[in-house]
Amino acid sequence: MAAKVLDTTRNAVPFDRANVPGPKMAKAVQAEMAGKLISKAKRPLLIIGSAISEEGIVDVIKSMAEKGIPVAATGSSLKRLKDEGIEASYVNLHALVSYLKDPNWKGFDGNGGYDTAIFLGHTYYYASQLMSTLKNFTKIKIISIDRHYHPNAQQSFGNLKPEDFIRALDVVIAQL
Amino acid sequence: MAAKVLDTTRNAVPFDRANVPGPKMAKAVQAEMAGKLISKAKRPLLIIGSAISEEGIVDVIKSMAEKGIPVAATGSSLKRLKDEGIEASYVNLHALVSYLKDPNWKGFDGNGGYDTAIFLGHTYYYASQLMSTLKNFTKIKIISIDRHYHPNAQQSFGNLKPEDFIRALDVVIAQL
Amino acid sequence: MSIKKNRFTIENLENVQINIGRVVSSHEAKESEGPTPAPEIHDLRDWDMKLLERYEPVYSPVCDMCCYCTYGKCDLTGNKEGACGIDMEAHQARETMLKGLTGTAAHSAHGRHLLNNLIERFGEDFPIDVGPSNLKAPLTQTIMGIKPETIGDFIPVLDYIEEQITQLLATAHTGQEGSALDFESKALHAGMLDHMGMEVADIIQVSCLGMPKSQEDTPLVDIGMGSIDSTKPVLLCIGHNIAAVAYIMDYMEEHDLFDKIELAGLCCTAHDMTRYNENAKIVGPMSKQLKYIRSGIPDVIVVDEQCVRADVLREASKLHIPVIATNDKIMYGLSNRSKDEVDDIIQDLISGDQQGALLFDYEKVGELAPRLALKMGPIRKEMGITALPDDEEFKKLTSSCSQCGACVIGCPNGLDIDKAMEAAAGGDLTLFEELHDKCNGCGRCDFECPKGIPILNVIEKGALKFIREEKGKVRIGRGQIGDPEIREEGRNLVLGTTPGIIAIVGCPNYPDGSHDIYEIAEEMLQRSYIVVTSGCSAMDLGMHKDDEGKTLYERYSGRFIKGNLLNIGSCVSNAHISATTIKVAAIFAGRDINGNFEEIADYVLNRIGAVGLAWGAYSQKALTIGTGCNRLGIPVVLGPHGPKYRRAYLGKPYNKDKWNMMDARDGSVQNVEPAPEHMLISAETKAEVMPMLAKLCFRPSDNNLGRMIKLTHYIEMSEKYLGVLPDDWYIYVRSEADLPLAKKEQLLKKLEEEHGWKIDWDKKKILEGPTRKVDVSFQPTNVPRLVKGATE
Amino acid sequence: MSIKKNRFTIENLENVQINIGRVVSSHEAKESEGPTPAPEIHDLRDWDMKLLERYEPVYSPVCDMCCYCTYGKCDLTGNKEGACGIDMEAHQARETMLKGLTGTAAHSAHGRHLLNNLIERFGEDFPIDVGPSNLKAPLTQTIMGIKPETIGDFIPVLDYIEEQITQLLATAHTGQEGSALDFESKALHAGMLDHMGMEVADIIQVSCLGMPKSQEDTPLVDIGMGSIDSTKPVLLCIGHNIAAVAYIMDYMEEHDLFDKIELAGLCCTAHDMTRYNENAKIVGPMSKQLKYIRSGIPDVIVVDEQCVRADVLREASKLHIPVIATNDKIMYGLSNRSKDEVDDIIQDLISGDQQGALLFDYEKVGELAPRLALKMGPIRKEMGITALPDDEEFKKLTSSCSQCGACVIGCPNGLDIDKAMEAAAGGDLTLFEELHDKCNGCGRCDFECPKGIPILNVIEKGALKFIREEKGKVRIGRGQIGDPEIREEGRNLVLGTTPGIIAIVGCPNYPDGSHDIYEIAEEMLQRSYIVVTSGCSAMDLGMHKDDEGKTLYERYSGRFIKGNLLNIGSCVSNAHISATTIKVAAIFAGRDINGNFEEIADYVLNRIGAVGLAWGAYSQKALTIGTGCNRLGIPVVLGPHGPKYRRAYLGKPYNKDKWNMMDARDGSVQNVEPAPEHMLISAETKAEVMPMLAKLCFRPSDNNLGRMIKLTHYIEMSEKYLGVLPDDWYIYVRSEADLPLAKKEQLLKKLEEEHGWKIDWDKKKILEGPTRKVDVSFQPTNVPRLVKGATE
Ligand code: SF4
Ligand code: SF4
Ligand code: SF4
Ligand code: SF4
Ligand code: SF4
Ligand code: SF4
Ligand code: SF4
Ligand code: SF4
């Protein structure tokens, strides 16, 4: 069976129907482009939420962490990441966006703030709301590589089928 | 100079930036398709507003009226239409949408309501708001062939350059 | 003797103090309270439902979603239900109610603030004096069933309003009312409260602060950015609440400073400043706010509350204009300097250490503001601070425009900024001059330009020649209509021989500049309508002149008789306009108004041809004023931005059974012409609105002469502005005597030929056709209990 | 003797009547009013600014636009300004303030309605009795500076609240406040008012209606859809306001109907019904509303106000369940039958001529509702009316699903309805059983299905087995914490030896079903926290059982000491939770609370380890309750829907200079640990929330033992739920005595190795490292004037 062409820009409507914030909504992005954008970031931060039980996600996080992208473990994701030996810092997502807003925050490594926030594995509406903080009050690039379309990101996948999701993440990693 | 291909679906963003009503927004429509939809309507009503001073619009209205589409002259458009010998009934647009909502309204000709409302020549925000009444509280099809994208229509042109606008209207008429 | 609100001890009652809340005069105690004194939400609901049955609410959502609670956002498109079970209709009704309620609160909170201040200064027992009137507080009397005599008598009135506001606000919580109609009834309740709140605010200031009291010949004052002498220090007051500003004027008066400082007002504070002291000048309505600040001319800005741009401090600071805030409602994050010395504050503001100061001690404000202006004036003039580009920059900026159109999409009115930039780059300023008048100065365009062009500044610079000429005259707000005027004019109004009252009120969010309301007013005045006005509209009317350089205020005098133009005053003075209809019911018709809202509204609806026009209404206050008019039976017309209020009340003239009325003499039912046809409607252009106003002045009570006059104007304006005889003119004809004289024959023919009516051509009489005959003693009512002999 | 509110005439004062508003006892008159009695908006602003400086507002817009006025909509994306000059930050603050204010109004309007009703029944002089307390109304006393003794004493309290609500609502009008921080101060003001409004509402009902008065051993009542005997006629009351329902219970009691009718409550009315009469049963929280109506079991529904679904009448009518509305706030467009005979109304409802009735005569409601239930019961059971599909339909419906996913996108929680449909079509109901618990019964999915599947009904049918088992126990709401309990526990709280008070409150908008709060409560109880609860959360806690079939209420008793579980009561009882902290300040610490809000809040913030958890908060009431807690210095945690409230108050622990405090003894400044770290924050999962709760219980006043206990729990829960030693544990260590005993050595090593602290290993003492030392007499304060010797 020939693999279908993966198009991560399809079905780019808010996963919660009424989550239509206004005139500025995320561009639907192809997985390859998302990967490129991430790889170009000077100070990226991979922000992981508690919804990472889907098979394959943790492997992806591991790969990204191994490529040197620092990982913020929000929600209760840290335990799972630790179990897999992934280096990450626990931080509450709400607190994190407030730190990211603060030009004086030094980051997890003390070297300063981040220019790109990459979202993966979140409770949909929770992450969406907190992206809205970043979108409206910071210049940080927000890239969602989560399974559902996030209007408050700058770039987001559309709503993906589970199998396409993991494929898409693999494509992202390939670019790093 | 070869004529550019006319694409009336481009630039389909609300002409008033913040006029983003929600998840359901008009499909941008090609002029030809708009014409077809109008020609298929059983009981269409052409709703004209006061913004019809642009050259060429009145001719278009005339053609449509001559094809047998009844014309509602809203705002202060009636005078101009009369001057051009176009048969039309004055009605206030706000009142008109309330009549259209009423299943007992008999229409201008006493033969019953309308199934398709075609908007042309309006003060943008005024028409947009009143389309919203039709959109949310009736099953009437709303087709905007006005120069600016109307999210509350079902089908609408994008925001067109003046010259493209008149070309587009000609294409519409050709389908009737 | 006088007993003040106080605590005191009565002998023999040990350990007890008596707290006297209010001393009740015997007069008041005897006054009947009427059927619905201080009505709760449901007490006037039957009346509301009657109105709403005929004038159905029509919703035009500005948003298809609801974002009230964390169950949402919910998508309600197509009248779906949200997670709490509310549907789109009920939500829109709720949202409109809530927005209106915000307006009610704004006026009532203003009234409360002012009342506290005036009681502190003048005492609770300070008598109400509004001019030659026995009926001093018509709205209060009609709603509360009490007749206030002193300013302290308004305390329980505000207590009541605040209680009701709280009850209404509660219903905007998720999980309360589920019925759209009941939300409308609540909105109508809020509207009614609003008028009373405004009445309180204006009566107490008229009484205590020596403002004109029903005075028809108030002086004219200067208005316009061009009328302010910018070589002097300019002290600008923005807002609506005279409380603090009065101290400034007192100080200036005492220290002979009116020659040395230009004291200018913006928004309704300006009206009230001129009512308090005619040496004050008016810059203009809200639309001039940002424009005037950006001009750099003001040297000190004092803000109080309402319709004050949220960016005043930000904008003023850029131009080194210190801002003094004086009210809980607007504090801008400034430090509270109430306890500091005036000299210290002046020092901090001049040095720029502080961008502004917050003060609740109005004595200090009174001293600080003028003294600061005297100091800042020379400093700022020296530095020549303005935000406007000079000629060279102007050239550069207009040339840098790429005509991308982002600003046009950002502009709420979609103004053709791009074209004006292009023309100006080529040296042609006419487009900017035109655009300047249509631009409401909102500043949204500034944020959209990818080239970083400060667009509003460019517009202002481009229209500078024009702006320098902006000088006009406004007749100072006169306050209430006095009882004698009502006695003189009441009959004409009820019979229709004065064709109607047109109230041109509300804010400057016009679709096409302020010239439209000038033209409308002029047309209606020439046709002998009584034109009353207030607030921003009253200002804008004074900005335009005829060929001889005269403003309407100079051409038409200010008595309440046909063909006159009356500036009532500021926004809160609007109460007097609705109160006028009550006065007609009470004084001309002898109705008992005490606690008798329903009967009075029924009277007004059916007999008084008053119509409100809020052509540029933007605010929640304007919304609730309109809704309050509607509950009292007064129709209102809005400009094309109006549907963004989300709800209108529209009649269906073709739905005959909605236009049945009872005759109060015997309860017999008559099918009447649709008069008035709508309660709340919008129009697209001034040309559309003029015949509409005429039509909305029809009332079932018109006598033949009155109807003839009204019909004449309706037909003439339709022909003039829409090019046709209106297609519903004939349904307002009850007999040949209703027909415009000049066209009688022609119209009779039409009735015969086009409508199949039977005409006796010898006598020129109508034999058959009209829905009903004129009957001078017909007592139209919609309220069963008002029918003679009815038992409640 | 007693003087009632009245008018009477005093001899020799001719023509004068004295209106006695309130009789003031000498006791009250002597009471000091304190620094800020009945504060206006700006009076506590300095305190707010102090809070907001440390706990910065962080906004998470749910919408990037503003749609307040017709200048808009405006696009504020990226903190742009709208047409009125407001920027995104200020607008979000305004919107949050307005939404919170709606909640304040809901509670206060409820209080006013109930007070009017109870005064009518019991008189103004009915004494307040809340149990064994001298300090009966701590919030009222702290805010107003008065000590109410009778229910009539609350009249001026509500007057004040209503005045302030009106002032605040006015500021939501366009053109008012421009500063986000000042809007926050206004929101905090609204929150404070809310707590007092709730206090009034609960105290008067506890006093007049014989509800439990600070009673630790209240009886257990049944809860759950499965606990209602549906073979009897079922009378269901929905809402929050006991006023009308009390009459129903009186009637049933008098007529011995509790055996013949199942009287069941939903939402907070249910709590208050059981507090009034323990024969009432509880169906459950708001999330059960639609589900229970659709089951068809209720035979009559009575609604009052708040958290009542807007579609109750629509839904009930479909199933022939008559609805009785009893309150201005919810009238559903029904006819007002207050003046009609009960028999006539019953007839109209039974026949189906009317779908419901509106009644303001509660005597009639009391009679009508039970009599109607007795009649409707047999009729409806006979007809077997339910909305749920039968087995065959269920099969057909689930099989017709195309797994399109539209419902999933429509569901606020994104529940996997499609998968459950698929599984059920294949005969597997487990997914529906799981989904049922997570589904909050909002009904949004129903509107999305292109196949027209009535999804919620299918879910309910799919989980029916499960639902039949839904039976639990709730301990009846106990009311206030009594003074003796405070005396016993206050010291432990302030020193930290009771690790904290966890208040699990608010609505059922849980991210993952109600089981989470059960687990959280259990964990905290096992760790000896005091868990207090109320409202919907208090119900949901009673729905779950341990392996032995026991609910938490059965396992933990209800006294205010460590490790106990206290159901305080309904939503308005939440006031007693915040009031508890005031009681500690007054009774344990001897602070003068009269009109002394700032000092008390400062005390609470720095010394009382109380944290609110509103895991399923959906409502505007929950928002303002939270904000009111914050003004009083109590931090609050929200579930993941919480950011939709738009604003949080977050501390920045890395920003050391925000954590400076004064020592009230001498004004010296100490840099302290971030305790509490945040004021308002959200969390994603229960696992995240548990260590967070522990951390938020730290207070600068903790003594070593207290800190050790708190740190132990923080570390243990972090390790248990997040898998790590938290990376900030060490900043809470002031000396080795703060260290958890069991891990002392290990942690000392970490301090040395990872953080570079100096340790004396012989003595196992910390020599260098901590920010500050423990000093038992340190008097932490943020308020300069509280420093000894400070002059205001
Ligand atoms: S109602 Fe207004 S604020 Fe809410 S989502 Fe719609 S546009 Fe945005
Ligand atoms: S109030 Fe109702 S419709 Fe609005 S967000 Fe909440 S649940 Fe949805
Ligand atoms: S300032 Fe004037 S031109 Fe600019 S957006 Fe506003 S109305 Fe349009
Ligand atoms: S946004 Fe700027 S560049 Fe674009 S048309 Fe307007 S002024 Fe010109
Ligand atoms: S008329 Fe409107 S804009 Fe003008 S001051 Fe009054 S409310 Fe404000
Ligand atoms: S309140 Fe301000 S931001 Fe909101 S719609 Fe009105 S002008 Fe725009
Ligand atoms: S009723 Fe339940 S499943 Fe349906 S949308 Fe609401 S929460 Fe989701
Ligand atoms: S919307 Fe209907 S058809 Fe689609 S997945 Fe849901 S239940 Fe199935």
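Each α-helix winds once per 3.6 residues, and so residues spaced three or four apart point in a common direction. Residues and elements named next belong to chain C. If you check which residues of helix α11 (residues 342-350) are buried, you get V342, I345, I346 and L349. Buried residues in α11, looked at end-on, bunch into an arc of 100 degrees, giving them a common side. Residues of α11 that are buried make contact with β12 (356-358) and α12 (362-383). Following α11 by one or two positions, G352 adopts a phi angle in the positive range, close to 85 degrees.

Below, the discussion takes up the sheet that holds strand β21 (residues 669-671) of chain D. Residue and element names in this part refer to chain D. Here we have three strands laid out as an open sheet, ordered β21-β20-β25, and antiparallel in their pairing. Single-partner strands in this sheet number two, and they are β21 and β25 (780-781). Strand direction decides the pairing type here: strand β20 (residues 660-663) and β25, joined by two bridges, are antiparallel. Residue pairing in the sheet places M662 in a bridge with T781 of β25.

Taken together, 13 residues sit near ligand 4, with C401, C404, G405, C407 and C449 of chain C positioned nearest. Within the shell around ligand 4, the residues separate by chemical class into eight nonpolar, three polar and two charged.

Further remarks concern the sheet that holds strand β5 (residues 116-120) of chain A. Residue and element names in this part refer to chain A. Taken in spatial order, the seven strands line up as β1-β7-β6-β5-β2-β3-β4 in an open sheet, and their pairing is parallel. Each having just a single partner strand, β1 (27-28) and β4 (89-90) make up the two edges of the open sheet. As defined by bridge partners, strand β6 (residues 141-144) adjoins strand β7 (residues 155-156) across two bridges and the pair is classed as parallel. Paired with S144 across the strands is S156, a residue of β7. Packing against the sheet, helix α4 (residues 93-101) makes contact with β2 (44-48), β3 (71-73) and β5, and its axis sits at approximately 165 degrees to β2.

Residues and elements named next belong to chain C. Under the definition given, this model contains 152 salt bridges over all chains. The shortest N-O distance in the salt bridge between E56 and K652 comes to 3.0 Å. Residue E56 is located in strand β3 (residues 56-59), and its partner K652 is located in the loop between β19 (647-650) and β20 (660-663); the two are separated by 596 residues in the primary sequence. Looking at K652, the relative accessible area reads 5%, which means it is buried. With its nearest N and O atoms 2.5 Å apart, the salt bridge here joins D340 to R337. Using a relative accessible area of 27% as the deciding quantity, one classes D340 as partly exposed. Judged by its relative accessible area of 8%, R337 is buried.

What follows covers the pairing of β20 of chain D. Note: β20 of chain D against β21 of chain D, three bridges, orientation antiparallel. If you follow M661 of chain D over to β21 of chain D, its bridge partner there is Q670 of chain D.

Turning our attention to the interface of chain C and chain A. On the side of chain A, six residues touch chain C, which itself brings five residues to the contact. When chain C packs against chain A, close to 380 Å² is buried across both sides, 48% of that on carbon and sulfur atoms. Of all residues in chain C, M65, K73 and D75 of chain C give up the largest surface area on contact with chain A, accounting jointly for 86% of the area buried on that side. Taken together, chain C and chain A are joined by one salt bridge.

Taken as a whole and assessed by the stated rule, the structure comprises 34 aromatic pairs over all chains. Ring centres 6.3 Å apart and planes at 80 degrees place the aromatic pair Y730 of chain C and W757 of chain C in the edge-to-face group. Note that Y730 of chain C is positioned in the loop between α27 (704-722) and α28 (744-755) and W757 of chain C in the loop between α28 and β23 (758-760), a separation of 27 residues in sequence. Exposure remark for Y730 of chain C: the relative accessible area of 22% places this residue in the partly exposed category. Overall, the relative accessible area of 9% leaves W757 of chain C in the buried class. An aromatic cluster is built from Y99, W105, F108 and Y114 of chain A together with Y654 of chain D, whose rings are joined through pairwise contacts. One cation-aromatic arrangement involves K99 of chain C over Y68 of chain D; the distance from NZ or CZ to the ring centre is 4.4 Å.

Here we take up the relation of the copies chain D and chain C. Mapping chain D onto chain C calls for a screw motion: a turn of 180 degrees about the axis and a shift of 0.0 Å along it, with 0.0 Å RMSD after fitting. The superposition of one copy onto the other is thereby described by a two-fold rotation axis. Here 99% of the contact residues of chain D are again contact residues in chain C; the copies associate through an equivalent surface.

Judged by side-chain charge, E253, E254, D256, D259 and E363 of chain C come together as a negatively charged surface patch. Relative to the assigned elements, E254 of chain C resides in helix α7 (residues 242-254).

Turning next to the domain arrangement of chain C. Residues and elements named next belong to chain C. Once the domains are mapped, chain C shows domain 1 (34-208), domain 2 (220-383), domain 3 (391-468) and domain 4 (472-768). Relative to domain 3, the C-alpha centre of domain 2 lies at a distance of 28 Å. With eight residues of domain 2 at the interface, the matching set in domain 3 holds 12 residues. Each partner contributes to the roughly 770 Å² buried at the junction of domain 2 and domain 3, and carbon and sulfur atoms together form 47% of this total. Summed over the shared surface of domain 2 and domain 3, the number is two salt bridges. For D446, the salt bridge goes to R294, with nearest N and O atoms at 3.0 Å. Counting every contact that joins domain 2 to domain 3 gives five residue pairs in polar contact (both at pLDDT 80 or more). Residues that form the side of domain 2 that touches domain 3 fall into these classes: two nonpolar, two polar and four charged.

What follows concerns the interface of chain D and chain C. Taken together, the 110 residues of chain D in the interface contact 110 residues of chain C. Both sides together, the interface formed by chain D and chain C hides about 9300 Å², and carbon and sulfur atoms give 54% of it. The largest per-residue losses of area from chain D upon contact with chain C belong to T70, Y71 and H173 of chain D, which jointly make up 9% of the total buried on that side. Of the charged contacts, one joins E163 of chain D and R112 of chain C as a salt bridge, the two residues approaching to 3.7 Å between their closest N and O atoms.

Turning to the environment of D102 of chain B, a few remarks are in order. As for its position among the elements, D102 of chain B is in the loop between α4 (93-101) and β5 (116-120). When the C-alpha atoms of D102 of chain B and F137 of chain B are compared, they prove to be 9.9 Å apart, with 35 residues separating the residues in sequence. Excluding its chain neighbours within four sequence positions, the residues that come into contact with D102 of chain B are K652, Y654 and N655 of chain C.

For the rest of this paragraph, the subject is helix α7 (residues 242-254) of chain D. Residue and element names in this part refer to chain D. The terminal C-alpha atoms of α7 lie 18 Å apart, and with 13 residues this matches the ideal 18 Å at 1.5 Å per residue to within 8%. Where burial is concerned, most of α7 is hidden: 10 out of the 13 residues are buried. Listed as buried for α7 are I242, A243, A244, V245, A246, Y247, I248, M249, Y251 and M252. Its side-chain oxygen at 2.9 Å from the backbone nitrogen of A243, N241 defines the N-terminal cap of α7. Where α7 ends, the next residue or the one after it, D256, has phi of about 50 degrees, a positive value.

Our next topic: the site of ligand 3. Around ligand 3, the structure places C411, P412, I417, C439, N440, G441, C442, G443, C445, L456 and I459 of chain C. Of the residues assigned to the shell around ligand 3, the class counts are eight nonpolar, three polar and no charged.

Quick notes on the rules
Residues numbered from 1 in each chain as written. Chains lettered and ligands numbered in written order. Predicted model: local features only at pLDDT ≥ 70, side-chain atom pairs only at ≥ 80, totals over all residues. Heavy atoms only, no water. Buried < 20%, exposed > 50% of the residue type's maximum accessible area, 1.4 Å probe, protein only. Helix = DSSP H or I, 4+ residues; strand = E, 2+ residues; numbered from the N terminus. Arc of directions from axis to C-beta. Contact = heavy atoms within 4.5 Å. Pairing = 2+ DSSP bridges. Near = heavy atom within 4 Å. Nonpolar A, V, L, I, M, F, W, Y, C, P; charged D, E, K, R; others polar. Axes fitted to C-alpha atoms, helices over the stretch in contact; angles between N-to-C directions. Salt bridge = Lys/Arg side-chain N within 4 Å of Asp/Glu carboxyl O. Buried area = accessible area lost by both parts, 1.4 Å probe. Phe/Tyr/Trp six-rings, centres within 6.5 Å; stacked < 30°, edge-to-face > 60°. Lys NZ or Arg CZ within 6 Å of the ring centre and 35° of its normal. Least-squares fit on C-alpha atoms with pLDDT ≥ 70 in both. Patch = residues over 30% accessible without salt bridge, like charges linked within 9 Å, V, L, I, M, F, W, Y side chains within 5 Å. Areas by Shrake-Rupley, 256 points an atom, 1.4 Å probe, with all protein chains shown as cover. Lys, Arg positive; Asp, Glu negative; His and termini not counted. Charge placed at Lys NZ, Arg CZ, Asp CG, Glu CD. Domains from an automatic or database assignment. Polar contact = N/O pair within 3.5 Å; in protein donor to acceptor, adjacent residues only side chain to side chain. Expected span 1.5 Å × (residues − 1).

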